[in-house]
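# Summary of structural features
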Amino acid sequence: MTSSSLQDLFDHNREWAARMERERPGFFQGLTQQQRPRYMWVGCSDSRVPANQITGLEPGEVFVHRNVANVVVPTDLNCLSTIQFAVDMLKIRHLMVVGHYGCGGVQAALEGIRVGLADNWIQHVKDVAEKHANVLEWVPQEHRLDALCELNVIEQVLNVAHTTVMQDCWSRGQQVTLHGWCYGVSDGLLKNLNVSVAGNEQLVTVYRDAISAVACARRA
């Protein structure tokens, strides 16, 4: 990227800041106060999937963590620390794991595409594909990527639920609900995968029903 194109970013930033202050006086001063988001978004790093714009939320209203293929694993202290901060310090009420159709990381896992160092990370998605091979084999080839994107989200919701952060949260009676969604880059719409859980009691049933829904989905 040239220095002139980088300058464009600074110019756009100043234009945006001036417009916001003109249209909503005091907007930035309000942001200097302690953030109090109700939502956390764990999503993919894909540049086409911006959490705030998709949901129509303002800066300060959603706490975001993103990585390749929206994966949550017990060895990722970056992700787990972010979740703990959101739950324990910010007192969020809803945590959404959000994948997206056409995800390059999921596609690499499904098709065995080598991408380099990220292959080690994408192995987590390959594990999901292997776990649900019996589901994927009945999905038509042209829809298999979409199905794996959904299965991956559902598995990551389960992974979040099993973290010590969420187990401690629920054991002390704190109300935080987990959700799994998938975003359509082609139409801008979010799909609810119906894997919302607010405690251990409903976890197994909700998980099984969500997997069954993917297996039985009619895809155009």
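Read on for an overview of the structure. Owing to the predicted nature of the structure, the values given are computational and were not obtained by experimental measurement.

Calculation rules
- Residues numbered from 1 in each chain as written.
- Predicted model: local features only at pLDDT ≥ 70, side-chain atom pairs only at ≥ 80, totals over all residues.
- Heavy atoms only, no water.
- Helix = DSSP H or I, 4+ residues; strand = E, 2+ residues; numbered from the N terminus.
- Buried < 20%, exposed > 50% of the residue type's maximum accessible area, 1.4 Å probe, protein only.
- Contact = heavy atoms within 4.5 Å.
- Areas by Shrake-Rupley, 256 points an atom, 1.4 Å probe, with all protein chains shown as cover.
- Core = buried A, V, L, I, M, F, W, Y, C linked by side-chain atoms within 4.5 Å.
- Polar contact = N/O pair within 3.5 Å; in protein donor to acceptor, adjacent residues only side chain to side chain.
- Pairing = 2+ DSSP bridges.
- Expected span 1.5 Å × (residues − 1).
- Arc of directions from axis to C-beta.
- Bend = angle between axes of the 7 residues up to and from the residue.
- Salt bridge = Lys/Arg side-chain N within 4 Å of Asp/Glu carboxyl O.

### With respect to the overall build of the chain
Each helix and strand counted, the chain has ten helices and five strands in total. Taking the principal axes of the C-alpha coordinates as reference, the chain spans close to 55 × 50 × 35 Å. Evaluated residue by residue, the chain yields a buried proportion of 42% over its 220 residues. Residue pairs at least 24 apart in sequence account for 61% of intrachain contacts in the chain once pairs closer than 6 positions are excluded. With an accessible surface of roughly 12200 Å², the chain has 52% of that area assigned to carbon and sulfur atoms.

### Looking at the nonpolar core
Where a protein is soluble and globular, its nonpolar side chains tend to be buried together. Ranked by size, the top nonpolar core spans 56 residues in total, and within it Ile-83, Leu-95 and Leu-178 carry the most contacts. Among the elements that line this core, the one with the most residues is helix α8 (residues 144–162), at eleven residues. Sequence-distant contacts of Ile-83, that is, excluding residues within four places in its chain, are made with Met-40, Val-72, Leu-95, Val-160 and Val-165. Ile-54, Val-62, Val-98 and Tyr-183 belong to the second-largest nonpolar core, a separate cluster that totals nine residues.

### Concerning the side chain of His-65
With respect to the element layout, His-65 can be found in strand β2 (residues 62–67). A distance of 3.4 Å separates polar atoms of two side chains, one belonging to His-65 and the other to Asn-67. Aside from chain neighbours lying at most four places away, what touches His-65 is Met-40, Trp-41, Val-42, Gly-43, Asp-76, Asn-78, Cys-79 and Thr-82.

### Thoughts on the pairing of strand β1 (residues 39–44)
Regular strands show a simple pattern: their side chains alternate between the two faces of the sheet. Counting buried residues along β1, five of its six residues qualify, which places the element largely inside the surrounding structure. Note that β1 and strand β3 (residues 94–100) share five bridges and pair parallel. By the bridge assignment, Val-42 is partnered in β3 with Val-97.

### Remarks on the environment of Glu-201
Mapped onto the fold, Glu-201 is located in the loop between β5 (190–192) and α10 (203–216). Spatially, the C-alpha atom of Glu-201 lies 32 Å from that of Gly-56, the residues being 145 residues apart in sequence.

### Examining unusual backbone geometry
Look at Asn-70: it is not a glycine, yet its phi comes out positive at around 45°. Mapped onto the elements, Asn-70 comes out in the loop between β2 and α4 (77–89). Non-glycine residue Lys-91 carries a positive phi angle of around 60°.

### Things to note about α10
An α-helical turn contains 3.6 residues, so a residue and the one three or four places further along point in the same direction. Its 14 residues give α10 an end-to-end C-alpha distance of 20 Å, which sits within 8% of 20 Å, the value for a rise of 1.5 Å per residue. All of the buried residues along α10 are Leu-203, Val-206, Tyr-207, Ala-210, Ile-211 and Val-214. Viewed along the axis of α10, the buried residues span an arc of 130°, placing them on a single side of the element. Of the exposed residues in α10, those oriented more than 90 degrees away from the buried face are Arg-208 and Cys-216. Buried residues belonging to α10 abut α6 (119–131), α7 (133–136) and α8.

### Notes on α6
Look at α6: 18 Å from first C-alpha to last across 13 residues, which is about the 18 Å you get at 1.5 Å a residue. Taking the largest bend as the criterion, α6 deviates by roughly 25°, centred on Val-125. Those residues of α6 that are buried lie in contact with α5 (104–111), α7 and α8.

### Quick notes on the pattern of salt bridges
Applying the stated criterion across every chain, the model contains seven salt bridges. Asp-88 is paired through a salt bridge with Arg-172; the nearest N and O atoms lie 2.7 Å apart. Placement of Asp-88 in helix α4 and of Arg-172 in the loop between α9 (164–171) and β4 (177–183) is noted, with a sequence separation of 84 residues between them. Take Arg-172: its relative accessible area is 45%, and that puts it in the partly exposed class. A salt bridge links Lys-131 to Glu-155; the shortest N-O distance between them is 3.1 Å. Within this pair, whereas Lys-131 is found in helix α6, its partner Glu-155 is found in helix α8, the two being separated by 24 residues in sequence.

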